[in-house]
Amino acid sequence: MRRVLILLAPIAALATGLVVARRRLVIVRISGASMLPTYRTGDRVLVRRTTGAGVGRGQVVVLQTSPPGGEWRTGPLPAPGAAMWFIKRAVAVPGDPVPPEVAGRVGASPGDTVPAGRLVVLGDGPVSEDSRVWGYVPFDRVLGVVVRALSPAREP
């Protein structure tokens, strides 16, 4: 009996670890050119789930699609596989100065800072729908932070 328990303990620990990892980590496939040259269509990234409060300046985040008609959705985020997601870089977090390229969109004056509960995100590429179009991104629209790239896009 003791031998069976010794064998089952590591298996139970592994199973528990897998369940926890599935709840905390998500794989997202990139589509679009807004994050070129960092990520290209077809790349896959590993995302650690967190709210916007867990995002630091410079980190790449995955967030819910842009607001229809300029109003961000509220409530729980959809399941990762059931929605379209954007991938952008957080360039300003609460307390940081509002970047000049976003200031007009959010009505900020020189010296204004990003308000609590909001982020400013921009794509790395030259063409990107981001805070220059949407304004501030609410913390609760963030799925998580990119931990690492899993596979590069394959060249045809």
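Bear in mind that the values here come from a model prediction, so they are computed numbers and not experimental data.

**A word on the side chain of Asp43**
With respect to the helices and strands, the residue Asp43 is situated in the loop between β1 (25-29) and β2 (44-49). Buried within the structure, Asp43 lacks any salt-bridge partner; Arg40 is the closest side chain of opposite charge, at an N-O distance of 5.6 Å. Looking at Asp43, its side chain comes within polar contact range of the main-chain nitrogen of Arg40, at 2.9 Å.

**Thoughts on the layout of surface pockets**
What the largest pocket holds in volume is close to 300 Å³. Lining the largest pocket we find 15 residues, and of these Arg29, Ser31, Met84, Trp85 and Phe86 sit closest to its centre. For the lining of the largest pocket, the secondary-structure elements that each account for two or more residues are β1 and β4 (85-92). A class-by-class count of the residues in the lining of the largest pocket yields nine nonpolar, four polar and two charged.

**Looking at unusual backbone geometry**
Each neighbour pair has its own omega, and for Leu36 with Pro37 the value is 5 degrees, a cis peptide bond. Tracing the chain through its elements places Pro37 in the loop between β1 and β2.

**Side note on the pattern of salt bridges**
When the charged atoms of two side chains with opposite charge come close together, those side chains can pair. Per the counting criterion, the structure on display carries four salt bridges. A salt bridge links Arg132 to Asp130; the shortest N-O distance between them is 2.6 Å. Take Asp130: its relative accessible area is 0%, and that puts it in the buried class. Between Arg141 and Asp140 there is a salt bridge, with the nearest N and O atoms lying 3.2 Å from each other. For Arg141, a relative accessible area of 0% gives the class buried.

**So, the sheet that holds β1**
Taken together, seven strands build an open sheet; the order of strands is β1-β2-β7-β3-β4-β5-β6 and the sheet is antiparallel. Each of the sheet's edge strands pairs with one partner strand only, and the pair in question is β1 and β6 (137-138). Two elements, strand β3 (residues 60-64) and β4, share five bridges in a ladder whose sense is antiparallel. The residue of β4 that forms the bridge with Gln64 is Trp85.

**Thoughts on the pairing of β1**
The side chains of a regular strand alternate, first on one face of the sheet and then on the other. Of the two faces of β1, only one is covered, namely that formed by Val26 and Val28; the face formed by Leu25, Ile27 and Arg29 stays uncovered. When β1 meets β2, the two strands line up antiparallel, connected through five bridges. By the bridge assignment, Arg29 is partnered in β2 with Arg44.

Conventions and cut-offs
Residues numbered from 1 in each chain as written. Predicted model: local features only at pLDDT ≥ 70, side-chain atom pairs only at ≥ 80, totals over all residues. Heavy atoms only, no water. Helix = DSSP H or I, 4+ residues; strand = E, 2+ residues; numbered from the N terminus. Buried < 20%, exposed > 50% of the residue type's maximum accessible area, 1.4 Å probe, protein only. Lys, Arg positive; Asp, Glu negative; His and termini not counted. Salt bridge = Lys/Arg side-chain N within 4 Å of Asp/Glu carboxyl O. Polar contact = N/O pair within 3.5 Å; in protein donor to acceptor, adjacent residues only side chain to side chain. 1 Å grid on protein atoms, 1.4 Å probe; cavity = no way out; pocket = protein on both sides within 12 Å on 5 of 7 lines; lining within 4 Å. Points joined across faces, edges and corners; volume = space filled by probe spheres on them. Nonpolar A, V, L, I, M, F, W, Y, C, P; charged D, E, K, R; others polar. Pairing = 2+ DSSP bridges.

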